[in-house]
Amino acid sequence: MDFPSSLPPTLFRTGPLGLSNGPDLSSTCSWRDALALPEPLAQSYQKGVSCVATAPLWEPETPGPIPLLPPGPDPWDPGVTAQDLLFRGGVSFRRKPQAVLDVTEQLSRFLWDHGDVAFAPLGKLMLENFRLEGARSLSKTKTVVSVKSLLQDLGGHQPWGCPWASLSFRQRRFSILGGPVLGTSVAGILGELLHEELALRWEQLLLDDAFTGGAMAWVPGRAPREGQLVFPAGGALDKLCFQQVIVSPSGDPRTLGDPGHIWLRGPVRQVVTRTVQGESLLAVRSDYHCALWKVSKQGRPVPLQVLQVGKGATGISLSPHLPGELAVCSRSGTVCLWTPQDGLQQIYKDPETLVFRDPSPWRWADFTAHPRVLTVGDRTGVKIVDTQGPPGCGLLLFRGGAEAACQKGERVLLAQCLGGCGPEPLHPTLHLILTQFSLYLVDERLPLVPLLKWEHELPSAPLFAQLLPPARPGHARPLLLGAQGGDLRLLQLAGAGTSAPRLAGPPQSLPSSSDSLSAFPLLEPKSQWRLQERLKAPTIGLVATVPSSTSTPALLLFQLSAAGDVFHQCLRLQEDPGPDSRAPTASWSPQATARCGHWLKGLLEVPSPPPVWTAPAFSHRRVLGCVEQRQGEQRGLEGLRAAMAEGRLLLRRDLGAVPSAEPPPAPEPGPEDELRARLEAAWEGRAAAWWERQQGGSSGPGRRPKRPKRRTQLSSTFSSLSGRLDPSDATSPPPSPRRASPEAGSQAPVTPPPQKLTQEPWAQRVPSERRQTLRDYMAKLPLQADTPGGVSSPLSQASSVQATPSGQQALQEGSAKQPIRRHTLGGAAVASSQASSGRATPSGSQPPRKRPRMGF
Amino acid sequence: MSDFSEELIRSKTEDDQEESCVFSGTGMYFPWLQKHIDAVATEGKKEKDFAQTTSACLGFIREALLKHRWQEAAGYMHSYLQVLEDSDSQKRLGAPEIIWKLGSEILFYHPKSNMETFNTFADRMKNMGVMNYLKISLQHALYLMHHGMLEEANRNLSRAETWRYGEKSSSQEVLINLIQAYKGLLQYYTWSKKKMELSNLDKDDYAYNTASRTMLNHSWKTSVNLGALIQTPGVWDPFVKSYVEMLEFCGDQDGAREVLNNYAYDEKFPSNPNAHVYLYNFLKREKAPREKLISVLKILYQIVPSHKLMLEFHRLLRKSEKEDHHKLGLEVLFGVLDFAGCTKNITAWKYLAKYLRQMLMGDHLAWVQEEWNSRKNWWPRFHFSSFWAKSDWQEDKPLACEKALVAGMLLGKGSRLASSDRGKTFVTAA
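Bear in mind that the values here come from a model prediction, so they are computed numbers and not experimental data.

J.: Explain the overall build of chain B to me, and be specific about the residues and the numbers.
T.: Assigned secondary structure in chain B consists of 22 helices and 1 strand. By residue count, 50% of the 430 residues in chain B fall in the buried class. Excluding contacts between residues fewer than 6 apart, the proportion of contacts in chain B whose partners are at least 24 apart in sequence is 59%.

J.: Explain the sheet that holds strand β24 (residues 438-443) of chain A to me, and be specific about the residues and the numbers.
T.: All names here are of chain A. Strands sit in the order β22-β23-β24-β25 across an open sheet of 4 strands; the sheet is antiparallel. Looking along the sheet, the strands with just one partner apiece sit at the ends: β22 (412-417) and β25 (452-455). For this sheet, the mean angle separating the axes of adjacent strands, direction not counted, is 15 degrees. In the sheet, β24 pairs with β25 via 4 bridges, with the strands oriented antiparallel. Each residue of the ladder has a partner; that of Ser438, found in β25, is Glu455.

J.: I'd love a proper account of the nonpolar core, names of residues and values included.
T.: Core analysis: the largest hydrophobic core is formed by 160 residues, its most contacted members being Phe239, Leu352, Trp379 and Leu410 of chain B. Those residues in contact with Trp379 of chain B, other than ones at most four positions away along the chain, are Phe334, Leu337, Asp338, Trp349, Leu352, Trp372, Phe384 and Leu410 of chain B.

J.: Please set out the packing of helix α15 (residues 309-319) of chain B against helix α16 (residues 323-337) of chain B residue by residue, giving values where relevant.
T.: Residues and elements named next belong to chain B. Relative orientation of the contacting elements α15 and α16 amounts to 160 degrees, with a least axis distance of 8 Å. Here α15 lies roughly antiparallel to α16, going by the angle between them. Seen along the crossing, α15 lies across α16 with a hand that is left-handed. Residues Met310, Leu311, Phe313, His314, Leu317 and Arg318 of α15 pack against His325, His326, Leu328, Gly329, Val332, Leu333 and Val336 of α16. In terms of residue class, the contact of α15 with α16 is made up of 8 nonpolar, 4 polar and 1 charged.

J.: Describe the side chain of Gln277 of chain A, listing the residues and the values that go with them.
T.: Among the structural elements, Gln277 of chain A can be located in the loop between β10 (268-276) and β11 (279-286). Overall, the relative accessible area of 12% leaves Gln277 of chain A in the buried class. Reaching out from Gln277 of chain A, the side chain makes a polar contact with the side chain of Ser385 of chain B at a distance of 2.7 Å. Once residues within four sequence positions are removed from consideration, Gln277 of chain A is found in contact with His321 and Pro323 of chain A together with Arg381, Phe382, Ser385, Phe387 and Trp388 of chain B.

J.: Which residues make up the packing of aromatic side chains, and what values go with them?
T.: All names here are of chain A. The tally for this structure, following the rule as stated, stands at 27 aromatic pairs over all chains. Summarising the aromatic geometry, the rings of Trp218 and Phe558 are spaced 5.7 Å apart at their centres and angled 10 degrees between planes, so their arrangement reads as stacked. Taken together, the positions of Trp218 in strand β6 (residues 217-220) and Phe558 in strand β32 (residues 554-561) put the pair 340 residues apart, joining distant regions of the chain. The exposure class of Trp218 is buried, given its relative accessible area of 12%. The exposure class assigned to Phe558 is buried, which follows from its relative accessible area of 0%.

J.: Mind laying out helix α8 (residues 150-161) of chain B, listing which residues take part and the relevant values?
T.: Residue and element names in this part refer to chain B. Here α8 is 12 residues long and its end C-alpha atoms lie 16 Å apart, about the 16 Å a rise of 1.5 Å per residue gives. The complete set of buried residues in α8 reads Leu150, Ala153, Asn156, Leu157, Ala160 and Glu161. Down the axis of α8, the sector holding all buried residues measures 135 degrees, keeping them to one side.

J.: Explain the UniProt feature "domain: TAF1C beta-propeller" (unreviewed entry) in chain A to me, using residue names and the numbers behind them.
T.: The sites that UniProt annotates as "domain: TAF1C beta-propeller" (unreviewed entry) are residues 283-418 of chain A. Each end of residues 283-418 of chain A is marked by a C-alpha atom, and these two atoms are 18 Å apart; helix forms 0% of the span and strand 51%.

J.: Would you mind going over the side chain of Arg269 of chain A in detail, with residue names and values included?
T.: Residue and element names in this part refer to chain A. In this fold, Arg269 is placed in strand β10. Residue class for Arg269 comes out buried when judged on its relative accessible area of 15%. Engagement of the side chain of Arg269 in a polar contact is seen with the side chain of Asp287, the distance being 2.8 Å. Sequence-distant contacts of Arg269, that is, excluding residues within four places in its chain, are made with Ala210, Phe211, Gly214, Ala215, Arg285, Ser286 and Asp287.

J.: So what about the pairing of strand β15 (residues 326-330) of chain A? Which residues, and what values?
T.: Successive side chains on a regular strand alternate, one facing one side of the sheet and the next facing the other. Residue and element names in this part refer to chain A. For β15, the buried fraction is high: 5 of the 5 residues fall into the buried class. Relative to strand β16 (residues 334-339), β15 runs antiparallel, the two being bridged by 4 bridges. Counterpart to Ala327 in the pairing with β16 is Leu337. The turn linking β15 back onto β16 is made up of 3 residues, and Gly333 within it adopts a positive phi angle of 95 degrees.

J.: Go over the confidence of the model for chain A with me, naming the residues and quoting the values.
T.: Interpretation of the predicted coordinates at a detailed level should be avoided for regions scoring low in pLDDT. Of the residues in chain A, 64% reach a pLDDT of 70 or more, and the chain-wide mean stands at 72. Confidence drops under a pLDDT of 50 for residues 781-856 of chain A, and excluding neighbours within four residues, the segment shows 103 contacts in the predicted structure.

J.: So what about the sheet that holds strand β9 (residues 253-263) of chain A? Which residues, and what values?
T.: Residues and elements named next belong to chain A. Spatially, β6-β7-β8-β9 is the arrangement adopted by the 4 strands of the open sheet, whose pairing is antiparallel. The strands lining the two open edges of the sheet, one partner per strand, are β6 and β9. Strand-to-strand twist of the sheet, defined as the mean angle between neighbouring strand axes without regard to direction, takes the value 25 degrees. The pairing of strand β8 (residues 239-247) with β9 spans 8 bridges and is classified as antiparallel. The residue bridging Gln244 from the neighbouring strand is Leu256, located in β9.

J.: Explain the environment of Trp293 of chain A residue by residue, including any values.
T.: All names here are of chain A. Tracing the sequence through the fold places Trp293 in strand β12 (residues 289-295). Residue class for Trp293 comes out buried when judged on its relative accessible area of 7%. The spacing of Trp293 and Pro267 is 26 residues in sequence and 17 Å in space, taken between C-alpha atoms. Among residues more than four places away in sequence, those in contact with Trp293 are Leu240, Ile262, Leu264, Ser280, Leu281, Leu282, Val284, Pro301, Val302, Pro303 and Leu304.

J.: Give me the lowdown on the environment of Leu311 of chain B, citing residues and values where you can.
T.: Here Leu311 of chain B shows up in helix α15. Residues within four places of Leu311 of chain B in sequence aside, it is in contact with Leu333, Asn345, Thr347, Ala348 and Tyr351 of chain B.

J.: Quick rundown of helix α18 (residues 365-373) of chain B? Include the residues and the values.
T.: All names here are of chain B. Considered for burial, the residues of α18 that qualify are Leu365, Trp367, Val368, Glu371 and Trp372. Viewed along the axis of α18, the buried residues span an arc of 160 degrees, placing them on a single side of the element. Those residues of α18 that are buried lie in contact with α16, α17 (346-361), α19 (379-382) and α21 (397-411).

J.: With reference to specific residues and values, describe the pattern of salt bridges.
T.: Residues and elements named next belong to chain A. The tally for this structure, following the rule as stated, stands at 31 salt bridges over all chains. Its salt-bridge partner being Arg201, residue Glu197 comes within 3.2 Å of it at the nearest N-O pair. With Glu197 and Arg201 both in helix α6 (residues 169-206) and 4 residues apart, the pair spans about one turn of that helix. One salt bridge in this structure joins Arg534 and Asp565, with 2.8 Å as the shortest N-O distance. Highlighted residues: Arg534 in helix α7 (residues 525-535) and Asp565 in the loop between β32 and β33 (566-574), separated in sequence by 31 residues. For Asp565, a relative accessible area of 2% gives the class buried.

About the cut-offs
Residues numbered from 1 in each chain as written. Chains lettered and ligands numbered in written order. Predicted model: local features only at pLDDT ≥ 70, side-chain atom pairs only at ≥ 80, totals over all residues. Heavy atoms only, no water. Helix = DSSP H or I, 4+ residues; strand = E, 2+ residues; numbered from the N terminus. Buried < 20%, exposed > 50% of the residue type's maximum accessible area, 1.4 Å probe, protein only. Contact = heavy atoms within 4.5 Å. Pairing = 2+ DSSP bridges. Axes fitted to C-alpha atoms, helices over the stretch in contact; angles between N-to-C directions. Core = buried A, V, L, I, M, F, W, Y, C linked by side-chain atoms within 4.5 Å. Parallel < 35°, antiparallel > 145°, perpendicular 65-115°, else oblique. Left-handed = near helix turned anticlockwise from the far one by under 90°. Nonpolar A, V, L, I, M, F, W, Y, C, P; charged D, E, K, R; others polar. Polar contact = N/O pair within 3.5 Å; in protein donor to acceptor, adjacent residues only side chain to side chain. Phe/Tyr/Trp six-rings, centres within 6.5 Å; stacked < 30°, edge-to-face > 60°. Expected span 1.5 Å × (residues − 1). Arc of directions from axis to C-beta. UniProt positions renumbered as here; feature names shortened; annotations may be inferred. pLDDT = per-residue confidence, 0-100. Salt bridge = Lys/Arg side-chain N within 4 Å of Asp/Glu carboxyl O.

Structure (structure tokens):
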């Protein structure tokens, strides 16, 4: 094998990552790699450019990838996003917002959604101290609390997130006594677990290494322009599909029939294929299993063997030298050589990482130019291990450190051997190493010193790479990089034989699937959003092929998304890019848009996924409902039956006591009339006269009574927008919420005892201007006094209760019991109608209320 | 006052970055972390409009570059220059490097750019901030060399060589050494050109003497330039090669040997196969004893058993009188054929067939056995499968014959070595 006769000059330093002392010569500019030192012996140094291999431009045929197959029947949900996990809003004194996992919200959501899980054990323990139905029973040995009254006090209000929620004394007592028990056990145990889970999800969101290597492969068929795409499908990615694809002479792929499939018992994470000595093999990695198939000449897969990996498999690779040989890595740090005939042979085991300590259990292995030597990699470096040598020994091929001028925090994401591709490999000893920042090419004969380094600047983790054979002999080899977010880079590698490998021409970025949005017709917002989400789905597989004997050399690229969509794009070799030619912009062909339209039709037929979150159903409603709600329901049903029997419209009065939805507050005519009058005047050109009239009207003796009115007008404008708001409170500052916690309660301003509200002494401290307003307001309050009128009209009671501010409950604490009961009764009935209207309603339908005392 | 506030800002951004980056808990940095945070953060201080526009502009430039839209990139670059007036000193200080990196790339590929534009840009950028002078000068010189402007490059390097700023830091020293080395390389180019001319002259000519004298003079100067860098650990193949060539020409064999020995055997240097190759070639030219050559190649064999020189190494070992050299000769041949890139090397197969016969005749079966033991479970599948038998026979008959010969000896009927079905099929197929 030839070794480059002269390597590019590189400084060699040893040390840890991020050692910034000294110039980084390797990655200063991308064009620097294109520079060749003049060869003095060839006497061509006047024109040093001569030895540069041709690096033609691969030009995408369409502005974005096109769907190859119709969308699968399973709905897809993007899952957890950063918004779900992170704390909203930064800390104000920080210059930059900081990422904080929102454990509090997640915990409270968990308690809402899975209250049975969270509280059931405790509930069981405390069962004998509570009674669900009936009055409280007396026992001398222990206290028994009646849950019913507690729930009645809650009255269907959800204090969660509502600053105006208030508590009865009973609830307060209960929460003070029960809080430490309930709070510590649930928050303590659950909170820890939840935090762990959240941290895990967050890490997964930042980097999901399960699909490293890619879950799609291309098995070449018998004819030069046909082959099979192998990829997982189905909602759980457990259906391994084999899709026949034929490439037309012009370079367009066409699917042939429906894909054949094999059902597996786990999600497919990686699909690898290789043809060694005329024998095509297919290896699949799932979370805890690996499987090997042989693909017959007719393209039928024949199962060979399945392997169970107890700790979880992280990588699988097929030998390019010997048919049926694989390397399998496990989370435990073990790397095994696997052959169906001889079984497993452990070649490396180290739970620790290679260079420095890193918690990631990710391991990777690949083959080298020597069939008995493997590379073993983890996040910190890559080692060359001889399977026949003594265990544990080997040379470091790549070290996350100063040798490769690595940055602080840089980690290996993928290591791949670039040998064994095509008839004349570039350098069979060359290895590609990808980190989140850069790409490195390392020769196993010169370990530790990268021959090439390039900063890829990909906006997500690069987990897929493929070196392709050159389009024409003598051309540079395309090297494709794919990131999880669907971003693609195409590099061209030149240099074979005695010249060192280098980049030929500037790297290119290829369109990603989100660029295809322009090919779809504009949809109504919800479907448009769904389409957008679908196109943005993370990439889990990438494979490319250069079909031979096409009219112009073409590069076909297939991309598999987490939603199970297979998109493809075709790149054409731009013949002889002249000096003045600029990259022409591709446009959508009618066929492409038709295909997109067809696919979209299929997508919209797929039912949307069930929402991840649904409003909780409160169990206490079920408890209470059986007692008190029956009557209303009964009457409604009777009314409905009667109306049906008579064949007439169902009127409200037929429904009896069913709480009617409150009619939206009608806008008060004041401001609009004024506005209309003003606009009309302005339209007729008499704006000045109108203004004078206004001015004149407001001046003089009439001015004083006007002021409260104007305030009313203003507040009514708000009230028409935000529900009901008391006019007198419109200008007052928002009330400080009285929370469930005793600390919050103690912080609330000291208020006059509510019982005294009905008496006059309070009035002395109120400015005379506001006294009347307040008196009016209090007169309007239905529960203000224990008037018998309140009892007599249950229907009006119910509707007014719905609108009663929860703040008034606090005012009513300790006063007569009867209004409270009425209150809760209505509240429960109202709440049952709310329960169906989703999660946002509880706080929305309970309009923020001001307590009258805040007007002081 | 302004300095002070900038100082505060800088320290704050630094640790904020740290916090938001290390957040993952594993110590891994995620360049895409900020994107996630930005999607969530609604409160807190937002970036100023200025910072937003510049960072957006930077994004556009990068995108245009990756899409090969050089004109577009140039347009954005024009706007991006506003970053030089950023009030954030951290950004302002980092800006020239980014501008140089992206700007030079645009000018390198832009269809309407010419050398003059590039030169003006480079000269401007050199003087923008003191930290980048050396780096940009070096890259500028490389650009000029690539375009064949050797004199201009030389002038550039000479100017940079004398440049000093503040205390001489180690990174500055390395850069200056590199600059000097490249200057030395340029001098070497002119020297080798003169050497070519000289070879055309008659040795008794008067002109020959003066010419050789000036050449000596020249190489002395170059040695000063190249010497310093070669002491620094690294891969310096082009420099070492030219330096040794000049030293040899001047008759300084000891100097050349020292340089090469140092380059090959210094512990601080990476194990560069070329260092040993250069040393071997030098010793060969010097007509060093066979023992010496073998010892050099022995080390190369340990680093790169698949090297082209291994066949030469085998020849040397075969000719040697020592018994263990003969054994090593067999090992080397097997070692070469282990590699995927060497399977079709007909010379290696020819040597192996011949040597195996010799070994088996010479009653060294144990040696063959020893080598074969570690290979018997994979060589038959790797070399002697029916697939290769067929394809070799179709593509390269002599190779197939040699392989069949070896297979016959290793696996054949009469062989006392372990036999295999595949091997037999290979032999019979061949």
